[in-house]
Amino acid sequence: MYDRDVDVPRQVASYRLDDPELPGVLETAAARVREAIGAPFTSAGLNFYRDGRDSVAPHNDHLYEIRAGYPIALLSLGSTRRMTIRSKARPRRIFDLDLETGSLLLMSYETQKHYDHGIPKTRELVGPRISLAFRVRPQ
Ligand SMILES: O=C(O)CCC(=O)C(=O)O
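Predicted, not measured: the structure shown is a model, and the values here were computed from it.

A. Region of the structure containing the overall build of the chain. When you go through the chain residue by residue, the secondary structure sums to 2 helices and 9 strands. For a compact globule of 139 residues, the expected C-alpha radius of gyration is about 14 Å, and the chain comes in at 15 Å, within 12% of that figure. Here the C-alpha coordinates of the chain stretch approximately 40 × 35 × 25 Å along the principal axes. By sequence separation, contacts in the chain at least 24 residues apart represent 81% of the contacts at least 6 residues apart. Summed over its atoms, the accessible surface of the chain is roughly 8200 Å², and 52% of this surface lies on carbon and sulfur atoms.

B. Quick peek at the sheet that holds strand β1 (residues 11-16). Strand order across the open sheet formed by 5 strands is β1-β2-β9-β4-β7, with antiparallel pairing between neighbours. Here the strands that pair on one side only, and so sit at the sheet edges, are β1 and β7 (104-107). Averaged over all adjacent pairs, the angle separating strand axes in this sheet is 20°, with direction ignored. Sheet topology note: the strand β2 (residues 43-49)/strand β9 (residues 129-135) ladder contains 7 bridges and is antiparallel. Residue pairing across strands places asparagine 47 opposite serine 131, the latter belonging to β9. Contacts from helix α1 (residues 24-37) reach β1, β2, β4 (72-78), β7 and β9, with the element oriented near 55° to β9.

C. Representation of the side chain of serine 43. Among the secondary structure elements, serine 43 is positioned in strand β2. In this structure serine 43 comes out as buried when scored by relative accessible area, which is 6%.

D. View of the nonpolar core. Core analysis: the biggest nonpolar cluster contains 15 residues, and Leu17, Val33, Phe41, Leu75, Leu132 and Phe134 have the highest contact counts within it. Those elements giving two or more residues to this core turn out to be α1, β2, β4 and β9. By residue number, the principal contributor to this core is α1, which donates 4 residues. Grouped together as the second largest cluster of nonpolar side chains are 13 residues, Val56, Leu74, Ile85 and Leu105 included.

E. Summary view of the environment of histidine 59. Mapped onto the secondary structure, histidine 59 falls in strand β3 (residues 56-59). By relative accessible area, histidine 59 is classed as buried at 3%. Only 2.8 Å separates the side chain of histidine 59 from the backbone oxygen of alanine 57, close enough to count as a polar contact.

Calculation rules
- Residues numbered from 1 in each chain as written.
- Predicted model: local features only at pLDDT ≥ 70, side-chain atom pairs only at ≥ 80, totals over all residues.
- Heavy atoms only, no water.
- Helix = DSSP H or I, 4+ residues; strand = E, 2+ residues; numbered from the N terminus.
- Rg over C-alpha atoms; globule rule 2.2 N^0.38 Å.
- Contact = heavy atoms within 4.5 Å.
- Areas by Shrake-Rupley, 256 points an atom, 1.4 Å probe, with all protein chains shown as cover.
- Pairing = 2+ DSSP bridges.
- Axes fitted to C-alpha atoms, helices over the stretch in contact; angles between N-to-C directions.
- Buried < 20%, exposed > 50% of the residue type's maximum accessible area, 1.4 Å probe, protein only.
- Core = buried A, V, L, I, M, F, W, Y, C linked by side-chain atoms within 4.5 Å.
- Polar contact = N/O pair within 3.5 Å; in protein donor to acceptor, adjacent residues only side chain to side chain.

Nothing here speaks to function; it is geometry throughout.
Written out as structure tokens, the structure is:
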């Protein structure tokens, strides 16, 4: 994943938003997010974290897999999980962000060059969480 070995203990799926078999609930979510952000998102990645043992290691999105200038939008549903965002440059700056249900996090294209993001495991008792990652893919 992401050109290097990254720990991915979570369940993932992805859809093109023009897929005729796109589930209706994703179509509705995509329409709401496109309207809210004003970006022509073309894909949705789904991440399912069953509990605190599921996680994603720090990484950035491949720049060749997203269109320059467009953000990535992360819609969170279910249990709150903490995202850690850290600068690639030293001295490392680290931000923790609690992603609550219904929240929409925008990460700019530029952010991917300078920061990694991840969802660490937690020993806290957390229920399932799904995140929908909307991206504008190159043609
Ligand atoms: O679950 C999240 O909010 C983060 C997902 C993520 O990092 C990704 O899809 O690249």
